[in-house]
Amino acid sequence: MTADRPPLRRGELRELLLTPGGPLAKVEVVDAVGSTSSAVADELRVDPESWPDRSLLVADQQVAGRGRAGRSWVTPARAALTATLVLRPGVPPERWGWLPLLAGLGAVTALRATAGVPAVLKWPNDVLVDLDGHVPELGGWGTARKVGGILTEVVALPGGSTAGGATDGAGAAVLIGIGVNVSQTVPELPVESATSLALAGAQHTDRETVLTAVVSAVLEVVDRWAAADGDAALAGVAAEVAAVCETLGRRVHVELPGGGVLDGAALRLDATGALVVGGPDGEHVVAAGDVLHVRGQVGRVAASPAATVADGPGDRTAGATGVAAEPAPADSTVAKLDEVLLGGPRTLTAGDLALRAGVDEESVRTFWRTFGLAAAEPDERAYTERDAEAVRALVDLVRREGLQLSTVRTLVRGLGHTTDRLALWQVEALVEDAATRYRLDDASARLLVLDRLAAIAPVLEQELVLAFRRQLATIGGRFGAELGQARQVGTGPSDLPLARAVGFADMVQFTRRTAGLGSTDLSAFVQRFEAAARDVVAAAGGRVVKTIGDAVLFVADDVVTGAEVALGLAARFGDGAGAVPDDLTQGARGVTPVRVGMVWGRVLSRFGDVFGASVNLAARLTDITDPSSVWVDATTAALLADDPRYVLTALPPRDVEGLGTVEPVALGRA
């Protein structure tokens, strides 16, 4: 079997993941290792600089891997992803308990988007895929199977201080062990509760693709958490974890450290990420333990948004109970809202939908799961006439266009994944607005939004359709122009597909300027920077690819637009007091000048990101650019040389790490 499984492509991984184009400072790939986390920990205890912040060890095979509670985890050669990510979080150690959940959220997000499997999180660190209809029920698991896991470990570094047995955050590193079963067959699985991406029907099992997506998604979540000084609720990641955590709202059986057990309902996560379980004698906070999902006795517990994440271990939020909730009365706010949002009452079963669309009932259930929605019981009237129309329209599209089933799954999963996050994002923004304007506590603000959502939703829906159609039109226009250009100029088979201006805007002295800010002010400062940068980029005709901590990565379709974006960013943030409008710096100290590097070249677009040599060069240029200035390379300067709107000034050659000597050119307005 190993002969059919190629080894990891080390050069490709390093190109995709290493700075300046990627998110990591160090990437090392080995053929085999006992445990990636043990290997890294041993080296860190000898030399703290051997594995810097944001570094990664990947093994083609792990022969003595470690799971929770000392369990072993061994993988066949080249059949899985086994890696350890090293972080120095820079946030209070008492908030590090969120890291397994944040890594799990990143893994779930990446597997949904890249592999196309309906991944969910089981508290605290298991990544599951529901194989309903393909596997039998298994006690504690139902039809879900484990496809991956997260294991975190704190390593005290030489010279790090300790107090009361707790490691000082500045003297420690956090190791995040990531394991994903990729191509294992059933006989190769270690336990009956496991599966692999291949067995789960994944669209992509290319290990480089999956690993790049998982690492990038984990770091994106961790960066947002760290920007809020580890306040998961403030960063918005606590709500996102709750949204993908299959444990919340279920009856659970918890096997506690030391041999104790706890049966009850998983109500919410507390401020530390611990699980709050409601039992017969009240609520219990579970910081560690093995959780089994109980089925058959009681249905899934209803958990309102307010009941999924609480401010502290002892919080009791309205709507959180330890028993299954009764259906909402027909005249209740929730029932009326449900009918308004779904376009009518729930009068149809899955069989009704299947009959109207001319497909079997299992196809309807698969459609629903692919959307990321829970499929109802066979005889449950859970669907509306509008649902039936949507299913029938999709079936008609497949028959009319002859689409492959895998393509349909990709389209539907993309919609489900995107709208899941979008709906949560928008509702949380409305809650924050209500709490701020009316000085309400969180629960009261959520109740107010619940009352107003029926009136607000149609407007949000209209704007969603507008944005979607506009984005499709923009992509269509861009494709047309690029295809025409490709025919005229011609490209080689090895050329990257997209010609783009790509650039970075990096805040100058971010750490010094934000030193001493509390989590609220720091979060507001970063959000205002990102919002202002996006406004500048969009106004000039470019697009923001992503924000990376204190920097923004942007692209543009032509070199002139790229120049306008770059100069606009440098001018917008300025280099002195008063250069930045009050709305940007309110609640934070000082102004925010930026360095901007911009390069024209060909790139690869994947996972919502861009890769290529020009991305690396733009990042390196940004590192050496003067504050409030824009630097380009000589090739980009030559393309702008005849444009009377710009002034180009050649600068002395610079030696750039990893790229050799470059010839920067300062770009300014005439």
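Analysis parameters
Residues numbered from 1 in each chain as written. Predicted model: local features only at pLDDT ≥ 70, side-chain atom pairs only at ≥ 80, totals over all residues. Heavy atoms only, no water. Helix = DSSP H or I, 4+ residues; strand = E, 2+ residues; numbered from the N terminus. Contact = heavy atoms within 4.5 Å. Areas by Shrake-Rupley, 256 points an atom, 1.4 Å probe, with all protein chains shown as cover. Pairing = 2+ DSSP bridges. Axes fitted to C-alpha atoms, helices over the stretch in contact; angles between N-to-C directions. Phe/Tyr/Trp six-rings, centres within 6.5 Å; stacked < 30°, edge-to-face > 60°. Buried < 20%, exposed > 50% of the residue type's maximum accessible area, 1.4 Å probe, protein only. Core = buried A, V, L, I, M, F, W, Y, C linked by side-chain atoms within 4.5 Å. Parallel < 35°, antiparallel > 145°, perpendicular 65-115°, else oblique. Left-handed = near helix turned anticlockwise from the far one by under 90°. Patch = residues over 30% accessible without salt bridge, like charges linked within 9 Å, V, L, I, M, F, W, Y side chains within 5 Å. Salt bridge = Lys/Arg side-chain N within 4 Å of Asp/Glu carboxyl O. Lys, Arg positive; Asp, Glu negative; His and termini not counted. Charge placed at Lys NZ, Arg CZ, Asp CG, Glu CD. Nonpolar A, V, L, I, M, F, W, Y, C, P; charged D, E, K, R; others polar.

Colleague: Just to check I follow, could you spell out the overall build of the protein for this structure?
Modeller: Looking only at helices and strands, the protein has 18 helices and 26 strands in total. A fraction of 65% describes how many contacts in the protein between residues 6 or more apart in sequence connect residues 24 or more apart. Surface exposure of the protein reaches about 31200 Å², of which carbon and sulfur atoms provide 54%.

Colleague: Got a minute to help me understand the sheet that holds strand E12 (residues 251–255) in this structure?
Modeller: Working definition: the strands of a sheet are paired by backbone hydrogen bonds and lie parallel or antiparallel to each other. Taken in spatial order, the 5 strands line up as E15-E14-E13-E12-E16 in an open sheet, and their pairing is antiparallel. Where the open sheet ends on each side, the last strands, each with one partner, are strand E15 (282–286) and strand E16 (290–293). Put simply, the sheet's adjacent strands are angled 45° from each other on average, direction ignored. Bridge analysis of strand E14 (residues 275–279) against E15 gives 5 bridges, and the strand direction is antiparallel. Bridge pairing in E15 places Gly-278 opposite Glu-283.

Colleague: What am I meant to see in the packing of aromatic side chains here?
Modeller: In this description, a pair of aromatic rings is defined by centroid distance and the angle of the planes. Enumeration according to the criterion identifies 2 aromatic pairs in this entry. Considering the side-chain rings of Phe-367 and Trp-368, the 5.6 Å spacing of their centres and the 55° angle between planes classify their relative orientation as tilted. One exposure class covers both Phe-367 and Trp-368, and it is buried. Centre to centre, the rings of Trp-368 and Tyr-383 are 4.9 Å apart; their planes meet at 85°, and the pair counts as edge-to-face. With a gap of 15 residues between them, Trp-368 in helix H9 (residues 361–370) and Tyr-383 in the loop between H9 and helix H10 (385–401) connect regions that are remote in the sequence. Joined through ring pairs, the aromatic side chains of Phe-367, Trp-368 and Tyr-383 make up one cluster.

Colleague: Where do I start with the nonpolar core in this structure?
Modeller: Considering soluble globular proteins, one finds that nonpolar side chains tend to be buried as a cluster. By size, the foremost hydrophobic cluster in this structure holds 74 residues, and its most contacted members are Leu-111, Leu-197 and Trp-225. Among the elements that line this core, the one with the most residues is helix H4 (residues 207–227), at 11 residues. Dropping the residues within four chain positions of it, Leu-111 is found in contact with Gly-116, Val-117, Ala-119, Val-127, Val-147, Leu-197, Val-210 and Val-214. Core analysis: the next-biggest nonpolar cluster, separate from the first, contains 33 residues, Phe-510, Phe-529, Val-544 and Val-596 among them.

Colleague: I'm lost on the environment of Val-545 in this one. Help?
Modeller: Within the secondary structure, Val-545 sits in strand E18 (residues 543–548). Classification of Val-545 by relative accessible area gives buried; the value is 19%.

Colleague: Got a minute to help me understand the sheet that holds strand E2 (residues 55–62) in this structure?
Modeller: One open sheet holds the 7 strands; their spatial order is E1-E2-E5-E11-E8-E7-E6, and the pairing between them is mixed. Looking at strand neighbours, the two that pair on one side only are strand E1 (26–33) and strand E6 (119–122), the edges of this open sheet. In this sheet, adjacent strand axes meet at a mean angle of 20° when their direction is disregarded. Two elements, E6 and strand E7 (residues 126–130), share 4 bridges in a ladder whose sense is antiparallel.

Colleague: Help me out: how do you make sense of the packing of helix H3 (residues 99–115) against helix H6 (residues 237–244) in this one?
Modeller: If you want to describe how two helices pack, look at the angle between their axes and the distance between the axes. One can describe the packing of H3 onto H6 by two numbers: an axis separation of 10 Å at closest approach and a directional angle of 60°. The orientation of H3 relative to H6 falls into the category oblique. Pair H3 / H6 crosses with left-handed handedness. Note on element contacts: H6 touches H3 through Val-237, Glu-240, Val-241 and Val-244, opposite Leu-101, Leu-102, Leu-105, Val-108 and Arg-112.

Colleague: Before we go on, may I ask you to explain a negative patch on the surface in this structure?
Modeller: On the surface, Glu-28, Glu-43, Asp-47 and Glu-49 cluster together into a negatively charged patch. Along the chain, Glu-28 turns up in strand E1.

Colleague: Whenever I open this one, the packing of H3 against H4 confuses me. Can you help?
Modeller: In contact at an axis separation of 8 Å, H3 and H4 are set at 135° when each is read in the N-to-C sense. In terms of axis orientation, H3 runs oblique to H4. The handedness of the crossing between H3 and H4 comes out as right-handed. Here H3 contributes Leu-99, Leu-102, Ala-103, Leu-105, Gly-106, Ala-107, Ala-110, Leu-111 and Thr-114 to the contact with H4, which in turn contributes Thr-209, Val-210, Ala-213, Val-214, Ala-217, Val-218, Val-221, Val-222 and Trp-225. Split by residue class, the contact of H3 with H4 holds 15 nonpolar, 3 polar and no charged.

Colleague: Could you clarify how one ought to interpret the pattern of salt bridges in this entry?
Modeller: Pairing between side chains of opposite charge can happen when the charged atoms of each approach one another. Across all of its chains, the model carries 25 salt bridges by this definition. For Glu-208, the salt bridge goes to Arg-9, with nearest N and O atoms at 3.2 Å. You can see Glu-208 sitting in helix H4 and its partner Arg-9 sitting in the segment before helix H1 (10–17), a full 199 residues away along the chain. One salt bridge connects Arg-356 with Glu-385, and the closest N-O pair in it is separated by 2.4 Å. Of this pair, Arg-356 sits in helix H8 (residues 350–357) while Glu-385 sits in helix H10, and the two are 29 residues apart along the sequence. On the basis of relative accessible area, Arg-356 is assigned to the partly exposed category, the value being 36%. We classify Glu-385 as partly exposed; its relative accessible area is 37%.

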